[in-house]
Amino acid sequence: MADAEPDVYVMEHARAALAKDPRVAELELDVTVAADTVFVSGTVGSEERRQAVTEVLRELLPEREVVNQTSILSVGSTPDSERIE
Amino acid sequence: MIRVAAAGDLHFGTDSAGSLREPLADLPSHADILLLAGDLTRRGEPAEARVLADELGGLEIPVVSVLGNHDYESDREEEITKILTEAGVTVLEGESTVVDVHGERLGVAGLKGFGGGFAGACASDFGEPEMKAFIRHTQDGARRLSAALEDLEGVDVRVALLHYSPIRETLQGEPLEIFPFLGSYLLAEAVDDPGADLVLHGHAHRGVEKGVTPGGVRVRNVAQHVIGRAYNIYELNCEPDC
């Protein structure tokens, strides 16, 4: 048996936790693992959810550094219009 | 002309109160109807749906919606539907509705849809029961979508409202490996046979807005992540005289 869990498994466990944890519930975040660091990117709906991304990953992977590169989804108020011919 | 406002993937949480207030304030001056392409909530919790219902309640134009996969996460989709319905939202699942817009008839056929993939690389109704159940769910939905569109025969404008994508074109930007979980060509086939003026969907946050079915029906991915706005407006001509 290997001493350390392969990074690819760590990455998928992290993605699964971010999807399933009610504090985040995001399925489309990108997670990469390099050495002792976990990088996560993508968009979330609020600052609260962005902070929760870090919390969830730190709880899951306490031995790894978490670099949270997610951003908060910003939608404009003025709609685009298109005529469908 | 009928002006359709559309958005998908709102992902409302209990922390989302007020987030649509400003964009919705002007909506009746921009659009005749609001269509929502599913993933209304983050986890399908009734409390999340209530926040959205409060936001939509009192809107002066009709609101029609389908649910998305997030709205099923807590196995409380029936409660979600009830809460939204009580707020005046028409929630469709394999059904259609007709809305009168300035004397013209807009028909909307709605379905969550499901996955399976696209021509040349799609799942088959073959093998293990779980695999058959997966593809049969999509097949069943496609049949109901086609029937719902057929029920709209004679209306002035027909729109198909989905959560999952009917074409691969609007998924460009998503990882190729997950295309089978983002939509199915069966949904496009279900639209092309009876015909429609427009298909709206969400689900693919990293996709692109515009595409067309093999039969020539315009498709728009209205996930907020894609359109970058609270909603977009699509103006549909109802020939020859509106």
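Residues numbered from 1 in each chain as written. Chains lettered and ligands numbered in written order. Predicted model: local features only at pLDDT ≥ 70, side-chain atom pairs only at ≥ 80, totals over all residues.

Asker: Would you mind going over the overall build of chain A with me for this structure?
Answerer: Counting its regular elements, chain A contains two helices and four strands. Listing each helix as α and each strand as β along chain A from the N terminus yields α-β-β-α-β-β. Radius of gyration (C-alpha) of chain A: 16 Å, far over the 12 Å computed for a compact globule of 85 residues. The dimensions of chain A, computed from C-alpha atoms along their principal axes, are 60 × 30 × 20 Å. With 85 residues in all, chain A has 22% of them scored as buried. When contacts within chain A are restricted to residue pairs at least 6 apart in sequence, long-range pairs at least 24 apart make up 53% of them. (Helix = DSSP H or I, 4+ residues; strand = E, 2+ residues; numbered from the N terminus. Rg over C-alpha atoms; globule rule 2.2 N^0.38 Å. Buried ≥ 20, exposed ≤ 12 C-beta atoms within 10 Å, placed from the backbone. Contact = placed C-beta atoms within 7 Å.)

Asker: Would you mind going over the sheet that holds strand E4 (residues 89-91) of chain B with me for this structure?
Answerer: In sheet architecture, strand pairing relies on hydrogen bonds along the backbone and comes in two forms, parallel and antiparallel. In spatial order, the strands read E4(A)-E13(B)-E1(B)-E2(B)-E3(B)-E4(B); together these six strands make up an open sheet with mixed pairing. With one partner strand each, in any of the chains shown, strand E4 (81-84) of chain A together with E4 of chain B form the two edges of the open sheet. On average, each strand axis in the sheet is tilted by 25° relative to the strand beside it, whichever way the strands run. Note that strand E1 (residues 2-7) of chain B and strand E2 (residues 33-37) of chain B share four bridges and pair parallel. By the bridge assignment for E2 of chain B, Ala5 of chain B is matched with Leu34 of chain B. Contacts from helix H4 (residues 77-86) of chain B reach strand E3 (63-66) and E4 of chain B within the one sheet, and its direction differs from that of E4 of chain B by about 145°. (Pairing = 2+ DSSP bridges. Axes fitted to C-alpha atoms, helices over the stretch in contact; angles between N-to-C directions.)

Asker: For this particular structure, what's the right way to read the interface of chain A and chain B?
Answerer: Frequently, the measure chosen for interface size is the accessible area removed from exposure when the parts meet. Listed by partner, the interface residues are 18 residues for chain A and 26 residues for chain B. Ranked by the residues each element gives to the side of chain A that touches chain B, the list is headed by E4 of chain A, at four residues. Its residues assigned to classes, the side of chain A that touches chain B comprises six nonpolar, seven polar and five charged. (Nonpolar A, V, L, I, M, F, W, Y, C, P; charged D, E, K, R; others polar.)

Asker: Can you help me understand the pairing of E2 of chain B in this one?
Answerer: Residue and element names in this part refer to chain B. The element E2 is extensively covered by neighbouring structure, given that five of its five residues are classed as buried. Where burial is concerned, the two faces of E2 agree: the one with Ile33, Leu35 and Ala37 and the one with Leu34 and Leu36 are both buried. Inspection of the sheet shows E2 paired to E3 by four bridges, in the parallel sense. Each residue of the ladder has a partner; that of Leu35, found in E3, is Val64.

Asker: Help me out: how do you make sense of helix H2 (residues 47-60) of chain A in this one?
Answerer: Residue and element names in this part refer to chain A. The terminal C-alpha atoms of H2 lie 20 Å apart, and with 14 residues this matches the ideal 20 Å at 1.5 Å per residue to within 8%. All of the buried residues along H2 are Arg49, Ala52, Val53, Val56 and Leu57. Angularly, the buried residues of H2 cover 130° about the axis, an arc narrow enough to put them on a single face. Turned more than 90 degrees away from the buried face of H2, the exposed residues are Glu47 and Glu59. Where H2 is buried, its residues meet helix H1 (7-20), strand E2 (37-44) and strand E3 (65-72). (Expected span 1.5 Å × (residues − 1). Arc of directions from axis to C-beta.)

Asker: Even after reading the chapter, I still don't get unusual backbone geometry, so can you show me in this structure?
Answerer: Most peptide bonds take the trans form, and the phi angle of most residues other than glycine is negative. Residue and element names in this part refer to chain B. Even without being glycine, Asp9 reaches a positive phi, approximately 60°. Take Asp9: it is sitting in the loop between E1 and helix H1 (21-25). Classification of Asp9 as buried rests on a count of 27 C-beta atoms within 10 Å. The phi dihedral of His11 is positive, around 50°, even though this residue is not glycine. Examined against the element boundaries, His11 turns out to sit in the loop between E1 and H1. Owing to 27 C-beta atoms within 10 Å, His11 belongs among the buried residues under this scheme.

Asker: Would you mind showing me how to read the sheet that holds E3 of chain A here?
Answerer: Residue and element names in this part refer to chain A. Overall, mixed pairing links the three strands, which are arranged E1-E2-E3 in an open sheet. On the outer flanks of this sheet lie strand E1 (30-34) and E3, each paired with one strand and no other. Within the sheet, the average angular offset between the axes of one strand and its neighbour, ignoring direction, is 15°. This element, H1, spans E1 and E2 of the sheet and lies at about 150° to E1. Its contacts with the sheet place H2 against E2 and E3, and it is angled at close to 160° to E3.

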